[in-house]
Amino acid sequence: MANAPIPRNRKPARLTPAKARLAAEIRQQLLVQGGAAHREVVISSILHRKGVTGPAAERARRALLSAFYLHVDPDPESGAPRLFDLPFGPESYRWALGEPVRSVITF
């Protein structure tokens, strides 16, 4: 017997100062990586730079994921700009800078 999906009663994500700071850290790491990288490389690099380990690392990882996905396809009511892209589709773990941000990168 298949389990029925659990209904979500969560409010849509909103841009907060903390999520904006995390998005800036992701953006900076993607710039260092040349504009795109596997999400685990981005997350582990940020956590390593901050010296975050143990249970705090898992919380920080979830916060980084949340900030990224808020800025991939933001709801108009969220107040978040579109900063990031999933270049290989929604199931991809490859993160990239969104087109507006990518266009200002100089190599």
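For the structure itself, look to the data block above.
Novice: What is the right way to look at helix H1 (residues 17–32) in this model?
Specialist: Owing to its 3.6 residues per turn, the α-helix aligns residues three or four sequence positions apart on the same side. The first and last C-alpha atoms of H1 sit 23 Å apart over 16 residues, in line with the 22 Å expected at 1.5 Å per residue. Burial in H1 covers these residues: Lys-19, Leu-22, Ala-23, Glu-25, Ile-26, Gln-29 and Leu-30. When H1 is viewed along its axis, its buried side chains cluster within an angular range of 160 degrees and face the same direction. Within H1, the exposed residues directed more than 90 degrees away from the buried face are Pro-17, Arg-21 and Val-32. Buried-residue contacts for H1 involve strand E1 (36–38), helix H2 (39–50), helix H3 (55–72), strand E2 (84–85) and strand E3 (94–97). Downstream of H1 by one or two residues, Gly-34 has phi in the positive range, about 90 degrees.

Novice: What is the right way to look at the nonpolar core in this model?
Specialist: Soluble globular proteins tend to pack their nonpolar side chains together in the buried interior. Within the largest apolar cluster, 20 residues are counted, with the highest numbers of intra-cluster contacts made by Ile-26, Leu-30, Val-42, Leu-64, Phe-68, Phe-84 and Trp-95. For this core, the secondary-structure elements that each account for two or more residues are H1, H2, H3 and E3. Considering every element that reaches this core, the biggest residue donor is H3, with six residues. Ignoring sequence-local partners within four residues, the contact set of Leu-30 consists of Gly-35, Ala-36, Ala-37, Val-42, Phe-84, Trp-95, Ala-96 and Leu-97.

What counts as what
- Residues numbered from 1 in each chain as written.
- Predicted model: local features only at pLDDT ≥ 70, side-chain atom pairs only at ≥ 80, totals over all residues.
- Heavy atoms only, no water.
- Helix = DSSP H or I, 4+ residues; strand = E, 2+ residues; numbered from the N terminus.
- Expected span 1.5 Å × (residues − 1).
- Buried < 20%, exposed > 50% of the residue type's maximum accessible area, 1.4 Å probe, protein only.
- Arc of directions from axis to C-beta.
- Contact = heavy atoms within 4.5 Å.
- Core = buried A, V, L, I, M, F, W, Y, C linked by side-chain atoms within 4.5 Å.

Interpretation in functional terms is not warranted from these geometric data alone.
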